[in-house]
Amino acid sequence: MREEEKIKAGILFNPGDPELKAIKLRTHKLNQDYNRLYEDEVDERNRILREILGGIGEGTFLQGPITFHYGRHTTIGDRVFINFNFTVQDDAEVTIGSDCNFGPNVTIVTPVHPMLPDERKRMLDAEGNVKRFCYAKPVKIGSDCWFGANVVVCPGVTIGDNCVIGAGAVVTRDIPSGVFAAGNPCRVIRELTEQDSMKYKPEVLADNRVIEE
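This section reports on the structure supplied with the text. (Residues numbered from 1 in each chain as written. Predicted model: local features only at pLDDT ≥ 70, side-chain atom pairs only at ≥ 80, totals over all residues. Heavy atoms only, no water.)

## Description of the environment of Val-171
In plain terms, the rule: By definition, any uninterrupted DSSP run of H or I lasting at least four residues is a helix, any uninterrupted run of E lasting at least two residues is a strand, and each is numbered from the N terminus. In what follows, residue pairs with any heavy atoms lying within 4.5 Å of each other are defined as contacts.
Relative to the assigned elements, Val-171 resides in strand β19 (residues 170–171). For Val-171 and Gly-55, which are 116 residues apart along the polypeptide, the C-alpha to C-alpha distance reads 24 Å. Excluding its chain neighbours within four sequence positions, the residues that come into contact with Val-171 are Val-151, Val-152, Val-153, Cys-154, Val-157, Ile-159, Ile-165 and Cys-186.

## Section: unusual backbone geometry
Stated precisely, the cut-off is as follows: A 1.4 Å probe rolled over the protein chains alone gives each residue an accessible area, and that area as a share of the maximum for its type sets the label: buried under 20%, exposed over 50%, partly exposed in between.
The peptide bond linking Gly-64 to Pro-65 adopts the cis configuration, its omega dihedral lying at 0°. Backbone torsion omega between Asn-184 and Pro-185 reads 0°, so that peptide bond is classified as cis. Of note in the backbone geometry, Asn-150 takes a positive phi value of approximately 65° without being a glycine. Structurally, Asn-150 is set in the loop between β15 (146–147) and β16 (152–153). When its relative accessible area of 43% is taken as the criterion, Asn-150 is described as partly exposed. Here Ala-206, not a glycine, exhibits a phi torsion of approximately 55°, which is positive. Mapped onto the elements, Ala-206 comes out in the segment after α5 (202–205). Assessed through its relative accessible area of 55%, Ala-206 is described here as exposed.

## Some words on the packing of aromatic side chains
We apply this condition: What counts as a ring pair is set by centres within 6.5 Å for rings of Phe, Tyr and Trp (its six-membered ring), and what kind of pair is set by the plane angle: stacked under 30 degrees, edge-to-face over 60, tilted for all other angles.
In the structure shown here, the tally under the stated rule is 4 aromatic pairs. Geometrically, the ring pair formed by Phe-86 and Phe-102 is tilted, given 5.3 Å between the ring centres and 55° between the ring planes. With Phe-86 in strand β6 (residues 86–89) and Phe-102 in strand β8 (residues 101–102), this residue pair connects regions lying 16 residues apart in the sequence. Side by side, Phe-86 and Phe-102 carry an identical accessibility label, which is buried.

Here it is in structure tokens:
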């Protein structure tokens, strides 16, 4: 079994495998190419994103700078806005739905390392060779979510649709749809309801109007 297949199977893999290192090096170079461009160089930026990512929808915008580890393990939906300093350590698959918004400095991580220091340094593969190993858990984010600044999403987390994740949250467990969640570790604060509409905040709404469905 190839090391990339081991990642998808959720078992230990060697991140120093030459094939994996080649994938990561290519993506890291493309990250730098993207980050050197001005944001109005739209066509070239979009071309690079299509080379980096496993899939990207229409109308999605990444402000940059960006850092993807593998890149091709990440899929992003339509009309997603991603602010400065977006980091995705996508050893395992990362799936982001449509119409999401990400504040600055959001980080998504998938790899998990052994807890014991000796096992982090070295273990034996099936042939008895000494190697370093880790494993990874996929992250799935639904549609219509808002992430505040400095949110960290940890390995194996699923976040439902229509969520707001407060700034600085460290998301260590699944978050259901339709809630406001925040804190470290992140926890559900409350459900989002019609009472959260901007029409109940006239001092902020000013002379603007909510579109009634």
